[in-house]
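So you can see what is in the structure, the chains are spelled out below.
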Amino acid sequence: METHAYHLSHVVAIGARPRLANGVRGGYPRGVYVALRRWAIRVVMPVMWRLWPRRRAHALAEFAATEADSGWQFKQAIERTPDPALKALLFCNLLEEMEHSERFQRLADGMGQGRVGVAPARRTSLATDTSSLRAFIAYVHAGELDISHEFDAYGRAAGVPAISGTFEALREDEEGHQSGLWSALRKLTRSDSEARSLVRRARWRRLYRSWLSVSKQLGDAMLALWLGLAYLLMGPLAVWSSRARMRSGHAAEQP
Amino acid sequence: MNVLGISAHFHDATAALMVDDAIVASVAEERISRQKHDASLPLNAASACLAFGGLSAQDLDAVVFYEAPHEKFTRVLASTMAGFPRTLGRFVSGMKGWLGEKLFVRNALSKALDVHPNRVAFSSHHASHATHAFVMSGFDEAAVLVVDAVGEWTTTSIGRARRGEPVELLETHEYPDSLGLFYAAFTGFLGFAPNSEECSTMALASFGQPTRVAEVRQVLRLAEDGTFSLARDAFDLLADGKATYTPSFVRRFGEPANAATVERYGTLDALAPAVTVISPELTPWVDLAASVQSVLEEALLGLCRRAARLVPTRRLCLAGGVALNCVAVSRLAREGPFETMFVPPDPGDGGAAVGAALAHALREGRTVTIPKSPFLGLTPRYEDVHAMLEHLDPAHLSRVNNAGSVTCHRFTDDDRGLGFAADRLAMGKIVAWVDSRAETGPRALGHRSLLAHPGRLDTVRRLGRAVKRRAAFRPYALSLNATRATGVLHEGRAAGTLPWMQRTAPVHDGLRPQLRGGVHVDGTTRPQIVSREAQPRFAALLDAFEATTGVPALLNTSLNERGQPLVDSAVDALTMFARTDLDVLMLDTLALERTR
């Protein structure tokens, strides 16, 4: 039996303050979008959360789900990279994302006075193979920056010390992830310019995804309107036959 | 014939692969997505199954969905419209889902898997369940009873099955008369999550007396001929498969359990020396749970007798989510009219994916086979963990206690590894045991298990508190070698016919103290009877543990954190080790040990 205590050979900078040194900054439409989101969070959220306290718990549960999904994405990437050091880095991120998810869920349950859940979304891996791994890391790196900005905004808007404190603590972790992933990306690409280019593309991808998400919400609202109309028109015609069907139960019938 | 069976859109979505008429893999989407009871179309699981079988989607002769979505849609539509105009919100939110992939499953599967739409076929929900149970049983002929929440319209069915033929459903009960929804509604009323935490209702029942049977039978009416019906005014059945109760139900049974009541359940202890006096605040709740359990068992016995009249045979196959109620299964085995009973290890919707593939092949006149084994899941990639360990800070693997150090042991000889695990178990350590292909279904059967010394109650309590984080009233199970079954269990021989924790059995009085951690307050356990042929490594571990301690069984519970599905991959296992108070993680030839 071979036994050894193992030690860190590749130092992972979890929790360290970020350098934010990927060099991909400056004015482009994404910046406007991010600024608008931060403004909306700071101005609209406090009002909505005060008016509908249940939404606050629900929003925290959504954060929990998002962090869990993020952890899952890291796990998929671990299984797709041959680089042991990168595996280890991604594993540390995975652990932190799971911890974040748990903290958000605890807060949500506390605010909602019981288990607050959100409908699980389908998991689709962003890293489908080894070749897409660099794009994945660039994408997550870009995402971590957005998330740390958003956590900052939510922390300021929350108005409840427990929530603000959690957002602040987790923001630091997310910034640490951002820094670690930037280093990993540079190592993978072996070229700063290529890494920056990947991050730029990832940011456009994120912007496009945000646009898709907004479009979907608009589409859902329109669909809900049409469905509501259909229900009101169809309902009076279908209600009696439906009630009769429900009453019958068809116990022990011979098919 | 190569067939991919798919179940989805209610809970426990699963993909199952048949290659050359033999089932070779079955993977629940939740194991990959890490979302418990994941109901989404199991595309990750399907990819994993195809990769396991070395096939591409183009090699498939058929992709078979486990139910008929259009028929199910008529049920959802009718049940929603019956509540007009109160159901506007439900209609809008429900239809949004249905008008997506739920209704157009053929297109969704064809597009996602890149197969021609003509190759997507459908089986009925209950035929899928029934076929899975019967083919796996290995019987030549049997009666088949399927009891679940609801499929398309059918909630309960009795059928006749013969080897090599499609199962013939002779009789059905239809929505809303459903034993699954009945039990789920009470589960919700008792403060647990319906369609998920029915096991908590079952565990709670052991603490109570069935003093409220008459009340419960007012809402579930049982006829002499074995049929049953739900009181329409008591259950809110308009939601899609989610049973809740109505104000009329509350008038009969009082206000539902609130957070304080659920917290009070925490005072109940499955490890208590004996069933002590239950506090007056809890008595009505535990008695209600016991009464619901008792009425369910009576209903199932009635159905079994009805099945015996319809299908004159000595064998019964039982399937559907209600078949996970191991207390009821053991009562059916004891008091039912059949000599032999078979319950598959995954009788719920996961198993129905397997059944859908089998049913399709039988309809095509094929001779199908399925291993009589629950180990149809994925093999962990140990190399992922081996590779990253050299680069990990041990501090990241001690996140909970933060004080311990982690030592890595690598074994070149498997016997030494087994000896090491047995030794640590004897010392009262909690061991996470990951070994080869994962088990299908909700029970841990020695491939993704948390193991502990059942006689060390301090360990067992720590397991519940710091690893599983679950209520103390829920019992643990025991794993024991088949040669020890009769020595440890009353009804040991009978229990051996249902070896995968499908039923409960009383533990001999003399052995209870040394096995107490895996014995419920009523003196029973839910045993896994380990076959040396099927699980030589796990059987050898039980031998090594007995040789060290003299104790003939191990406490075995599922390897998962609270709210998480069973661990699947090696990375999942390492994640759990890092996040909980586990002492030892055994991964093939590798052991990680936390010392404090």
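These numbers were taken from a predicted model, which means no experiment stands behind them.

Parameters at a glance
Residue numbers run consecutively from 1 along every chain, following the written order of its sequence. Starting at A for chains and at 1 for ligands, labels are handed out in the order in which the entities are written. In view of the model being predicted, local features appear only for residues whose pLDDT reaches at least 70, and side-chain atom pairs are presented and counted only at 80 or more, with totals across whole chains, interfaces and linings using the full set of residues. Only hydrogens and water are set aside when side-chain values are computed; all heavy atoms of the structure are taken into account. Each helix corresponds to a stretch of at least 4 residues labelled H or I by DSSP, and each strand to a stretch of at least 2 residues labelled E; elements are numbered beginning at the N terminus. The contact criterion used throughout is that any non-hydrogen atoms of two residues lie within 4.5 Å. A pair of strands is treated as paired once DSSP finds two or more bridges between them. Note on geometry: axes are lines fitted to C-alpha atoms, helical ones only across the stretch in contact, with angles between N-to-C directions running from 0 to 180 degrees. Start and end positions for the domains come from either an automated domain assignment or a database one. Only one rule defines a salt bridge in this text: a Lys or Arg side-chain nitrogen within 4 Å of an Asp or Glu carboxyl oxygen. Polar contact is the term for a pair of N or O atoms within 3.5 Å; when the atoms are in protein, one must be able to donate a hydrogen and the other to accept it, and sequence-neighboring residues count only if both atoms are side-chain atoms. Residue classes follow a fixed rule: Ala, Val, Leu, Ile, Met, Phe, Trp, Tyr, Cys and Pro count as nonpolar, while Asp, Glu, Lys and Arg count as charged, and any other residue, Gly among them, counts as polar. Within this scheme, the nonpolar core is defined by two criteria: the residues are buried Ala, Val, Leu, Ile, Met, Phe, Trp, Tyr or Cys, and they are joined through side-chain atoms within 4.5 Å. The cut-offs for exposure are 20% and 50% of the maximum accessible area for each residue type, with area from a 1.4 Å probe on protein chains only; residues under the lower value are buried, those over the upper are exposed, and the others partly exposed.

1. Observations regarding the environment of Leu 268 of chain B
Within the secondary structure layout, Leu 268 of chain B lies in the loop between α11 (259-265) and α12 (283-310). Those residues in contact with Leu 268 of chain B, other than ones at most four positions away along the chain, are Leu 204, Phe 207, Ile 278, Leu 282, Val 286, Ala 472 and Phe 473 of chain B.

2. Some points on the sheet that holds strand β6 (residues 141-147) of chain B
All names here are of chain B. Across the sheet, 5 strands lie side by side as β8-β7-β6-β13-β14; this open sheet has mixed pairing. A strand with exactly one partner marks an edge of an open sheet, and here the two such strands are β8 (168-174) and β14 (340-342). Neighbouring strand axes in the sheet, compared pairwise and without regard to direction, differ in orientation by 20° on average. Where strand β7 (residues 154-162) and β8 come together, 6 bridges link them in antiparallel fashion. Across the sheet, residue Ser 157 finds its bridge partner in β8, namely Thr 172. The strands that helix α6 (residues 125-137) touches are β6, β7, β8, β13 (315-319) and β14; relative to β6, the one it contacts most, it runs at about 140°.

3. Concerning the domain arrangement of chain B
All names here are of chain B. Once the domains are mapped, chain B shows domain 1 (179-341) and domain 2 (382-595). A straight line from the C-alpha centre of domain 1 to that of domain 2 covers 29 Å. Joining domain 1 to domain 2, the criterion identifies 2 salt bridges. With a closest N to O distance of 3.8 Å, Arg 334 and Glu 491 form a salt bridge. Linking domain 1 with domain 2 are 10 residue pairs in polar contact (both at pLDDT 80 or more). Listing elements by their share of the side of domain 1 that touches domain 2, those giving two or more residues are α8 (198-205) and α13 (326-335). Of all the elements, α13 adds the most residues to the side of domain 1 that touches domain 2, at 6 residues. Broken down by class, the residue content of the side of domain 1 that touches domain 2 amounts to 17 nonpolar, 4 polar and 2 charged.

4. A closer look at the nonpolar core
Residues and elements named next belong to chain B. Leu 4, Phe 182, Phe 186 and Phe 235 are the most contacted members of the largest nonpolar core, which totals 141 residues. Top element by residues in this core is α12. It accounts for 14 residues. Shared between two domains, this core holds at least three residues of each, these being domain 1 (179-341) and domain 2 (382-595). Ignoring any residue separated from it by four or fewer positions in sequence, one finds Phe 182 in contact with Val 216, Leu 220, Leu 230, Phe 235, Val 292, Val 295 and Leu 296.

5. Points about the pattern of salt bridges
Pairing between side chains of opposite charge can happen when their charged atoms approach one another. The tally for this structure, following the rule as stated, stands at 54 salt bridges over all chains. Between Asp 384 of chain B and Lys 87 of chain A there is a salt bridge, with the nearest N and O atoms lying 2.7 Å from each other. In this pair, Asp 384 of chain B sits in helix α15 (residues 382-389) while Lys 87 of chain A sits in helix α3 (residues 84-112), so the two residues belong to two different chains. For Asp 384 of chain B, a relative accessible area of 2% puts it in the buried group. With relative accessibility at 4%, the residue Lys 87 of chain A sits in the buried group.

6. A closer look at the pairing of strand β1 (residues 3-7) of chain B
Residue and element names in this part refer to chain B. For β1, a buried count of 5 out of 5 residues is recorded, marking the element as mostly surrounded by other parts of the structure. Side-chain alternation along β1 places Val 3, Gly 5 and Ser 7 on one buried face and Leu 4 and Ile 6 on a second face that is also buried. Of the strand pairs in this sheet, β1 and strand β4 (residues 62-65) are connected by 4 bridges, and their pairing is parallel. Counterpart to Ile 6 in the pairing with β4 is Phe 65. Here β1 runs beside strand β2 (residues 14-19); their pairing, made up of 5 bridges, is antiparallel. Counted as the bridge partner of Leu 4 is Leu 17 from β2. As consecutive antiparallel partners, β1 and β2 are separated by 6 residues, and within that stretch His 9 has a phi angle of approximately 75°, a positive value.

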